[in-house]
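Given next are the chains, with one letter for each unit.
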Amino acid sequence: MNVMNTEAISNRPRHSFQTDDPALEPIADKVQRGERLSFEDGVALYRSGDILAVGWMANLVRERMHGDLAYFNVNRHINPTNVCVASCRLCAFGRKKGAADTYTMALEEAWETAGKGLTEAVTEFHIVGGLHPDLPFEYFMDLVSGLKERYPQVHIKAFTMVEIAFLAKRGKMTIEEALDRMKAAGVDSCPGGGAEIFADRVRHIICDHKIDGGEWLETARLTHKAGLRSNATMLYGHIENDEDRVDHLLKLRAVQDETGGFQTFIPLSFHPENTALGHLPKSTGMTDIRQIAVSRLLLDNFAHIKSYWQMVTPKMAQISLRFGADDIDGTVVEEKIYHDAGAKTPQGLRRQDLVRLITEAGRVPYERDTLYRAVTRTEDSFTVAV
Ligand code: V47
């Protein structure tokens, strides 16, 4: 798979690599030669005190791939229900059936919500929700086909690997059959959630009722085989260690070698508030920025690394554009999952806010659709370059 944006390769002269951490010297040689990094290299990158040197390497790779371009989109999140059977300790969004503050959108309500609160035409609906014990498979298919009927120009990025596995079971069908039905209903690609951390030891504590890491990766393989692209995530900043993070990234890299179907990697920083792990501290800026840089360096076969502004704040997302990230996600409009877990970021940003963040980072804003094709806007409509 070609992950280089050759038109955008930056040829500007650069300063040579400098570090006060000898462990980074051989890694920098590999990065400069374009060689793949090992497990041990990954651990050394996490442990290095020289964040500027780690960032320098990540930025080199990022500029090789994308030059100065920084991607964003105009999207809207829709979370159809917060009823969930999983009870993950990491989550503040899901509620047990029958709890006081549950909600489930009627189909008409979901379709109407999709069109609300927009100041400009969205190009993507991002749909993620709880694992509802009673909603039938058909509810989700009708939700998607109804959206497609009403908003045919909008890309539908719906259902994480965890939801796909759950819905297939609910519908008493194989994952392959579920994927075919999803595609027929109008799903265009899949979001990257539910990956958390693949290591069993950690997964048993933070999300013990979810599919395991091997099942998440296998569902991703099947999704790509069915012709749908998907994203991948990693939830960091809780009880995992450096080795667990490297293991997670290298497992994703191995599947990407097989399928080429992952589009973007999004590290998600854990928000402890209102979760069963509320005693844990929030991640710091240094951890967030390092996570972006190490992801860029280890995931050499992923085209895009997204610094999700909702998760790390708009200010950190902006800085990340110089530490390996090439994407800051989109307008979002209404976010529930991290706000239930105490996020203080705005619910949504306007297109012009994203453009400003990118421009002031010295990058060139590039509005993309979900598949990274250029979006050109007139006052109230858009066209996608195909
Ligand atoms: O799977 C849940 C995470 C994910 C918390 O594909 C939490 O473009 C932090 O997948 N603190 C869902 N994180 C969101 C997601 C996503 C987001 C943005 C873009 C894309 C994409 C995908 O949120 C869950 C879980 O890993 N999450 N609770 C929490 N307390």
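Residues numbered from 1 in each chain as written. Predicted model: local features only at pLDDT ≥ 70, side-chain atom pairs only at ≥ 80, totals over all residues. Heavy atoms only, no water.

Named according to an unreviewed UniProt entry, the chain is Aminodeoxyfutalosine synthase originating from Granulicella mallensis. The UniProt entry for the chain carries the following comment under Catalytic activity (unreviewed entry): "3-[(1-carboxyvinyl)-oxy]benzoate + S-adenosyl-L-methionine + H2O = 6-amino-6-deoxyfutalosine + hydrogencarbonate + L-methionine + H(+)". (UniProt positions renumbered as here; feature names shortened; annotations may be inferred.)

Caption draft 1: Fine view of the packing of aromatic side chains. For the coordinates displayed, the defined rule picks out 11 aromatic pairs. Aromatic pair Phe-125 and Tyr-151: ring centres 5.3 Å apart, planes at 80 degrees, arrangement edge-to-face. Remark: Tyr-151 occurs in the loop between helix H5 (137–150) and strand E4 (155–158) and Phe-125 occurs in strand E3 (residues 124–127); sequence separation between them is 26 residues. On the accessibility criterion, Phe-125 (1% relative accessible area) is buried. Look at Tyr-151 and you get buried, because its relative accessible area is 19%. With a centroid separation of 6.2 Å and an interplanar angle of 15 degrees, the aromatic rings of Trp-216 and Phe-262 are classed as stacked. Of this pair, Trp-216 sits in helix H9 (residues 213–225) while Phe-262 sits in strand E7 (residues 262–269), and the two are 46 residues apart along the sequence. Grouping residues by exposure puts Trp-216 and Phe-262 together as buried. Among the aromatic side chains, those forming a connected cluster through ring pairs are Phe-198, Trp-216, Phe-262, Phe-265 and Phe-302. (Phe/Tyr/Trp six-rings, centres within 6.5 Å; stacked < 30°, edge-to-face > 60°. Helix = DSSP H or I, 4+ residues; strand = E, 2+ residues; numbered from the N terminus. Buried < 20%, exposed > 50% of the residue type's maximum accessible area, 1.4 Å probe, protein only.)

Caption draft 2: Region of interest: the pattern of salt bridges. This structure, assessed with the given rule, holds 26 salt bridges. Arg-356 is the salt-bridge partner of Glu-360, the closest N and O atoms lying 3.1 Å from each other. One end of the pair is Glu-360 and the other is Arg-356, both in helix H14 (residues 351–360) and four residues apart, which spans about a single turn. We classify Glu-360 as exposed; its relative accessible area is 54%. Arg-356 gets classed as exposed once you look at its relative accessible area, which sits at 54%. (Salt bridge = Lys/Arg side-chain N within 4 Å of Asp/Glu carboxyl O.)

Caption draft 3: Main features of the domain arrangement of the chain. Partitioning the chain into domains gives domain 1 (6–65) and domain 2 (69–384). If you average the C-alpha positions of domain 1 and of domain 2, the two centres end up 27 Å apart. With 24 residues of domain 1 at the interface, the matching set in domain 2 holds 32 residues. Buried surface at the junction of domain 1 and domain 2, summed over both partners, amounts to about 2400 Å²; 61% is from carbon and sulfur atoms. Per-residue buried area on domain 1 facing domain 2 is highest for Arg-36, Tyr-46 and Arg-62; these three make up 36% of the total on that side. Linking domain 1 to domain 2 there are five salt bridges. The partner of Arg-47 in a salt bridge is Glu-243, with the nearest N and O atoms 2.8 Å apart. Across the domain 1-domain 2 interface, the total number found is 14 residue pairs in polar contact (both at pLDDT 80 or more). Breaking the side of domain 1 that touches domain 2 down by element, the ones donating at least two residues are helix H2 (39–47) and helix H3 (51–66). Examining the composition of the side of domain 1 that touches domain 2, we find that 11 residues originate from one element, H3, more than from any other. Of the residues that constitute the side of domain 1 that touches domain 2, the class distribution is 14 nonpolar, five polar and five charged. (Domains from an automatic or database assignment. Contact = heavy atoms within 4.5 Å. Buried area = accessible area lost by both parts, 1.4 Å probe. Polar contact = N/O pair within 3.5 Å; in protein donor to acceptor, adjacent residues only side chain to side chain. Nonpolar A, V, L, I, M, F, W, Y, C, P; charged D, E, K, R; others polar.)

Caption draft 4: The arrangement of the environment of Asn-82 in detail. Among the secondary structure elements, Asn-82 is positioned in the loop between strand E2 (75–78) and helix H4 (107–114). It is 22 Å that separates the C-alpha atoms of Asn-82 and Tyr-308, two residues lying 226 residues apart in sequence. Setting aside anything within four residues of it in sequence, one finds Asn-82 in contact with Phe-93, Gly-94, Arg-95, Asp-101, Thr-102 and Tyr-103. Of the polar contacts made by the side chain of Asn-82, one reaches the backbone nitrogen of Tyr-103; its length is 2.8 Å.

Caption draft 5: Broad picture of the packing of H2 against helix H10 (residues 242–259). One can describe the packing of H2 onto H10 by two numbers: an axis separation of 9 Å at closest approach and a directional angle of 130 degrees. As far as their axial angle goes, H10 and H2 are oblique. Crossing handedness for the pair H2 and H10: right-handed. In this structure, H2 uses Phe-39, Gly-42, Val-43, Tyr-46 and Arg-47 to contact H10, whose residues at the interface are Asp-242, Glu-243, Arg-245, Val-246, Asp-247, Leu-249 and Leu-250. Looking at the contact of H2 with H10 residue by residue, the classes come out as six nonpolar, one polar and five charged. (Axes fitted to C-alpha atoms, helices over the stretch in contact; angles between N-to-C directions. Parallel < 35°, antiparallel > 145°, perpendicular 65-115°, else oblique. Left-handed = near helix turned anticlockwise from the far one by under 90°.)

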